[in-house]
Amino acid sequence: MKRFLIFSLFLALSISLSAQDKKDDANPRLYNIVSQAIESRNLEGSFDLDLGFAAPARGVFSGSDIDGDGYYEIIFTDYADGGKFHMFEVTGDNMAEWVYSSPGIGSSSSTNVRCVQVADLDGNGDMEVILSVNGSAGTDDAVMGLAIFEYSVAADSFLVPYFSNFDAANVTGNRYLIEGFDVGDVDDDGVTEVILSNNGLSSYDQGYIVSFTGNFADQTAEAVVEFVHGKSSATFPWGGSGMNATYGDLDGDGNMEALFGVWDHAAVFVAEATAPDTYEARGYFQTDLTLDDDVALDNIVAADLDDDGRDEVYNTLYSGGALRALRITGEFDTATVANSVFTVTENGGSGAYGLAIGDLDGNGLMEIYSAAYGSGNVIVHEYMGCDITDPANYTAATFGGHATATGSFGLSA
């Protein structure tokens, strides 16, 4: 597990780094985007480094080593030029070097790229930087969906990007609007999938699990939609827009579940992998217990904080600021909101955004970090043990935030 956090703030352009030399997991840290900026924060403090870019940043990923040189990379999205990304390497204490900026994608959307992940989707041993690309059908058909930038270690460079409008047959007159997505081998078939939710128009609010055959280097890759589910589905139809997605093992049986966040009282839809490329709908849980039509706007996170062999699903609610979790203690067919959703805190603050979970201080206790959009702070709740559903078993504190930040966005661990 990467023992550092990424914190996305909205303000002006600076990057702050309290950076370890190469891959020193004993020195965890938090990376903090201040609009066009990144701040790195650890337990001792933070440091700033000017980047020199002017367009807003929304998503960030760190901890990869795409080029295999032994240094962590920090990758963040940029709305400029219809969407792009920038990559830096942490080269030493309080030092980072720019190594690459991608060409602009050219989407017409003003919120063109909002999430970035890294994986080897075609299984050839070279890693890809993966962007979700928002856009409208008829205008952005050539670029919207997923943009995949493979880095060739042999050529020591990024290749021509591959674009995947993976549901092209069904987006005529529609759109892609993807807030967050994840990557992983959900069905344990040796192929890494992309798990995402799309905030489409009307019946096109859907969640997808997508894999690829062929390879990106010669542009022969083809998308395989392994699973799709949404408003029009017969079982557990969604009551709102798809927002984000991840995966975990909620019932502890060794089979992963794909988890989709839905703007329907902060609902979580669960689909379990039962065989390669085969998934079964297991449940739909509205975690907004006051039914105020709240939403986990940025991401949801699966983690096993109490080490019982079952992951919980954590989210923060954008309007009310509550931190809630879904926990399956028995079988899915007996799970309800009443016996499966609990509250870590009702903090009463609006603008809860990104979420990350890890052990940043290295004391063996897991912490939940949430970004408070209104204040620009990161709030931490450390789980102290015993009953995970009891708010008294968490200690709360303000971890920090950029001194001049006016708002905060995403977090990831």
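Check the entry above for the structure.
Some details on the pairing of strand β28 (residues 341-345)
Of all five residues in β28, five are buried, a share of seventy percent or more. Note that strand β27 (residues 323-326) and β28 share four bridges and pair antiparallel. Along β28, the bridge assignment pairs Leu-326 with Val-341.

Considerations on the side chain of Asp-359
Considering the arrangement of structural elements, one finds Asp-359 in the loop between β29 (352-358) and β30 (367-372). Polar side-chain contacts of Asp-359 include one of 3.1 Å to the backbone nitrogen of Gly-362. A polar atom in the side chain of Asp-359 sits 3.3 Å from the backbone nitrogen of Asn-363.

Side note on unusual backbone geometry
Within the chain, Gln-219 stands out as a residue other than glycine whose phi angle is a positive 65°. A residue is classified by how much of its surface remains accessible, and Gln-219, at 37% relative accessible area, is partly exposed. Notably, Asp-277 is not glycine yet its phi reads approximately 60°, a positive angle. Tracing the backbone through its elements, the reader meets Asp-277 in the loop between β23 (267-275) and β24 (278-286). By relative accessible area, which is 38% here, Asp-277 ends up partly exposed.

Scoring rules and cut-offs
- Residues numbered from 1 in each chain as written.
- Predicted model: local features only at pLDDT ≥ 70, side-chain atom pairs only at ≥ 80, totals over all residues.
- Heavy atoms only, no water.
- Buried < 20%, exposed > 50% of the residue type's maximum accessible area, 1.4 Å probe, protein only.
- Helix = DSSP H or I, 4+ residues; strand = E, 2+ residues; numbered from the N terminus.
- Pairing = 2+ DSSP bridges.
- Polar contact = N/O pair within 3.5 Å; in protein donor to acceptor, adjacent residues only side chain to side chain.

Without other data, these values stay purely geometric and don't point to any function.
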